[in-house]
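Chain residues, written in single-letter form:
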Amino acid sequence: MRKISIIVLMLLFIACGKDQSDLTVIANIQGLKKGTVYLKKIQDTLLVTVDSIVVNGNPKIELHSDLEEPEVFFLYLDKNSRETDRITFFADKGITEINTTLKNFAFDVDIKGSEQQKVMEEYKTLISKMNNRNLEVIKEQFEAQQANDTARFSKLRNEAKSSVKRKYLYTVNFALNNKDSEVAPYLALTEIYNARVDLLDTINQSLTPKIKSSKYGKELDKFILDIKAAEKSN
């Protein structure tokens, strides 16, 4: 009888261990009464749902996923309408807490979790100033074109070109300063993937061995090799 009890306890322990997830996402969405929240990630170039929860008056939102190493996830909100909002975040093993509102789901967001997310937010804060100016330039270009002000339009067009170069150089510099973070190769792959291959290679060569062997480190290395192979064949 005692042996049977021990076996039952062992089976329960194993079952509980399997139920424990590497990543737990706790979301607090102020104002949400009904809708579906999805936790998604990119897998083999496809966006797949790893967990979801239907909200119907229950304010508690908890989602789970297996996670081998730091990776980017997406929190989607289906409001039972044509609108679907998305929050992007860098997750690591443990708990990630996301606080936001129904009205401004993707903009009122506050994320507490991985060290990689902190690095990503630092980048986004600084790059957002450039992006805001880019939007202003586009608006001013349209106004100059409408007014047939060719001199101003030409000046704004040159500013737009310079802005793109500044963003690339800033992103490269940021990645080099954070070469020990998975954020570095991720930014190269998503923010400046169409930059000159030598700039991408500069980031790639600077990565620490740990980051170079990470998911995004391997993807960046392959991406650069593919570009160089294509250039040789042309």
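Everything discussed here concerns the structure shown above.
Source: prediction; values computed, not measured. (Residues numbered from 1 in each chain as written. Predicted model: local features only at pLDDT ≥ 70, side-chain atom pairs only at ≥ 80, totals over all residues. Heavy atoms only, no water.)

### Comments concerning the overall build of the chain
In step 1: When its secondary structure is counted, the chain shows seven helices and eight strands.
In step 2: Evaluated residue by residue, the chain yields a buried proportion of 35% over its 234 residues.
In step 3: A fraction of 54% describes how many contacts in the chain between residues 6 or more apart in sequence connect residues 24 or more apart. (Helix = DSSP H or I, 4+ residues; strand = E, 2+ residues; numbered from the N terminus. Buried < 20%, exposed > 50% of the residue type's maximum accessible area, 1.4 Å probe, protein only. Contact = heavy atoms within 4.5 Å.)

### A word on the packing of aromatic side chains
In step 1: In this structure the tally under the stated criterion is seven aromatic pairs.
In step 2: Look at Phe 90 and Tyr 216: their rings are 5.8 Å apart centre to centre, the planes differ by 80 degrees, and that puts the pair in the edge-to-face class. Separated by 126 residues along the polypeptide, Phe 90 in strand S6 (residues 84–91) and Tyr 216 in helix H7 (residues 215–233) bring together distant segments of the chain.
In step 3: We classify Phe 90 as buried; its relative accessible area is 1%.
In step 4: Judged by centre distance (5.1 Å) and plane angle (65 degrees), the ring pair of Tyr 186 and Tyr 216 falls under edge-to-face. Residue Tyr 186 is located in helix H4 (residues 183–190), and its partner Tyr 216 is located in helix H7; the two are separated by 30 residues in the primary sequence.
In step 5: With relative accessibility at 14%, the residue Tyr 186 sits in the buried group. (Phe/Tyr/Trp six-rings, centres within 6.5 Å; stacked < 30°, edge-to-face > 60°.)

### Observations concerning the environment of Ile 42
In step 1: Here Ile 42 is to be found in strand S2 (residues 34–43).
In step 2: Distance from Ile 42 to Val 72, taken between C-alpha atoms, is 8.0 Å for residues 30 residues apart in sequence.
In step 3: Not counting the four nearest positions on each side in its chain, Ile 42 is found in contact with Leu 47, Glu 71, Phe 74 and Lys 215.

### Things to note about the sheet that holds strand S1 (residues 23–30)
In step 1: Taking strand neighbours across the sheet as the criterion, the four strands line up as S4-S1-S7-S8 in an open arrangement whose pairing is mixed. Two strands in the sheet have a free side with no partner beyond their single neighbour: strand S4 (61–65) and strand S8 (110–112). Between one strand axis and the next, the sheet turns through 15 degrees on average, direction left out of account.
In step 2: Of the strand pairs in this sheet, S1 and S4 are connected by five bridges, and their pairing is antiparallel. Within S4, the residue paired with Thr 24 across the bridge is His 64. (Pairing = 2+ DSSP bridges. Axes fitted to C-alpha atoms, helices over the stretch in contact; angles between N-to-C directions.)

### Focus on helix H5 (residues 197–206)
In step 1: Taking burial as the measure, the ten residues of H5 include seven buried ones, the bulk of the element.
In step 2: Buried residues of H5: Val 197, Leu 199, Leu 200, Asp 201, Ile 203, Asn 204 and Ser 206, and no others.
In step 3: Buried residues along H5 sit against helix H3 (150–177), H4, helix H6 (209–212) and H7.

### Quick look at the packing of H5 against H7
In step 1: Packing of H5 against H7 leaves a shortest axis separation of 10 Å and a crossing angle of 150 degrees. When the axis of H5 is compared with that of H7, the two are roughly antiparallel. You can see that H5 and H7 cross each other, and the crossing is left-handed. Contact residues: Val 197, Leu 200, Asp 201, Ile 203 and Asn 204 in H5; Gly 217, Leu 220, Asp 221, Phe 223, Ile 224, Ile 227, Lys 228 and Glu 231 in H7.
In step 2: Residue classes in the contact of H5 with H7 are distributed as seven nonpolar, two polar and four charged. (Parallel < 35°, antiparallel > 145°, perpendicular 65-115°, else oblique. Left-handed = near helix turned anticlockwise from the far one by under 90°. Nonpolar A, V, L, I, M, F, W, Y, C, P; charged D, E, K, R; others polar.)

### Here's the deal with the pattern of salt bridges
In step 1: Scanning the model with the defined rule gives ten salt bridges in all.
In step 2: A salt bridge links Glu 71 to Lys 215, with the shortest nitrogen-to-oxygen separation between them at 3.9 Å. With Glu 71 in strand S5 (residues 71–78) and Lys 215 in helix H7, this pair connects stretches of sequence that are 144 residues apart.
In step 3: What makes Lys 215 partly exposed here is its relative accessible area of 23%.
In step 4: In this structure, the salt-bridge partner of Glu 143 is Lys 139, at a minimum N-O distance of 2.6 Å. Here the residue Glu 143 and the residue Lys 139 both occupy positions in helix H2 (residues 115–146), the gap between them amounting to four residues, near one helical turn.
In step 5: When salt bridges that share partners are traced, they join Lys 41, Glu 71, Lys 215 and Glu 219 into one network. (Salt bridge = Lys/Arg side-chain N within 4 Å of Asp/Glu carboxyl O.)

### Concerning H4
In step 1: The buried fraction of H4 is high, at seven of eight residues.
In step 2: Listed in full, the buried residues belonging to H4 are Val 183, Ala 184, Pro 185, Tyr 186, Leu 187, Ala 188 and Leu 189.

The quantities given are spatial measurements derived from coordinates; they are silent on function.
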